[in-house]
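Given next are the chains, with one letter for each unit.
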Amino acid sequence: NFSVASMAGEAARSGGEAPASVEQAADFIAALLDAAGVQRAALVGHSWGALVGLEAAARLKERITHLVLVGVAHPMKVSPALLQASIDEPEKAL
């Protein structure tokens, strides 16, 4: 089985707000797996999602069978224009 979760997209569809921290996003992943009845899963995280994947895997331990981290670097460079857009117009920054 395969599923894709966009935390910001899910929040927009539900009328809620996107997670404000890596920890909140990891809670979202855990709740999503619980709601779907998924006992074991492979996670793939890109950029900020990679941090979320690491946190979720640390919390969910044996429930996570594989972890793929894409587009991860330290320090993670982000365009100044994108950072400003995330402040001024968060929906456009997505």
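Just above, that's the structure.
Residues numbered from 1 in each chain as written. Predicted model: local features only at pLDDT ≥ 70, side-chain atom pairs only at ≥ 80, totals over all residues. Heavy atoms only, no water.

Caption draft 1: Expanded view of the nonpolar core. Grouped together as the largest cluster of nonpolar side chains are 13 residues, with contacts concentrated most on Ile29, Leu33, Leu43, Val52, Ala56, Leu60 and Ile64. At the level of elements, helix 2 (22-36), strand 1 (41-46) and helix 3 (48-60) are the ones that each hand at least two residues to this core. No other element matches the six residues that helix 2 contributes to this core. Apart from the residues lying within four places of it in its own chain, the contact partners of isoleucine 29 are Leu43, Val52 and Ala56. (Core = buried A, V, L, I, M, F, W, Y, C linked by side-chain atoms within 4.5 Å. Buried < 20%, exposed > 50% of the residue type's maximum accessible area, 1.4 Å probe, protein only. Helix = DSSP H or I, 4+ residues; strand = E, 2+ residues; numbered from the N terminus. Contact = heavy atoms within 4.5 Å.)

Caption draft 2: Local environment of the pairing of strand 1. Burial of strand 1 is one-sided: the residues Ala41, Leu43 and Gly45 facing one way are buried, the residues Ala42, Val44 and His46 facing the other way are not. Direction of pairing for strand 1 relative to strand 2 (residues 64-70): parallel, over a ladder of six bridges. Paired with valine 44 across the two strands is valine 68, which belongs to strand 2. (Pairing = 2+ DSSP bridges.)

Caption draft 3: Representation of the packing of helix 2 against helix 3. Following both chains from N to C, one finds helix 2 and helix 3 inclined at 60 degrees, their axes separated by 8 Å at the closest point. What the angle tells us is that helix 2 and helix 3 run oblique. Crossing angle aside, the handedness with which helix 2 passes helix 3 is right-handed. In this structure, helix 2 contributes Val22, Glu23, Ala25, Ala26, Asp27, Ile29, Ala30 and Leu33 to the contact, and helix 3 contributes Trp48, Leu51, Val52, Glu55, Ala56, Arg59 and Leu60. Class assignment of the residues belonging to the contact of helix 2 with helix 3 gives a composition of eleven nonpolar, no polar and four charged. (Axes fitted to C-alpha atoms, helices over the stretch in contact; angles between N-to-C directions. Parallel < 35°, antiparallel > 145°, perpendicular 65-115°, else oblique. Left-handed = near helix turned anticlockwise from the far one by under 90°. Nonpolar A, V, L, I, M, F, W, Y, C, P; charged D, E, K, R; others polar.)

Caption draft 4: Local environment of the environment of leucine 51. Relative to the helices and strands, leucine 51 is located in helix 3. Taking relative accessible area as the criterion, leucine 51 reaches 39% and is therefore assigned partly exposed. Between the alpha carbons of leucine 51 and alanine 25 there is a distance of 9.5 Å; along the sequence they are 26 residues apart.

What is shown is where atoms sit, not what they do.
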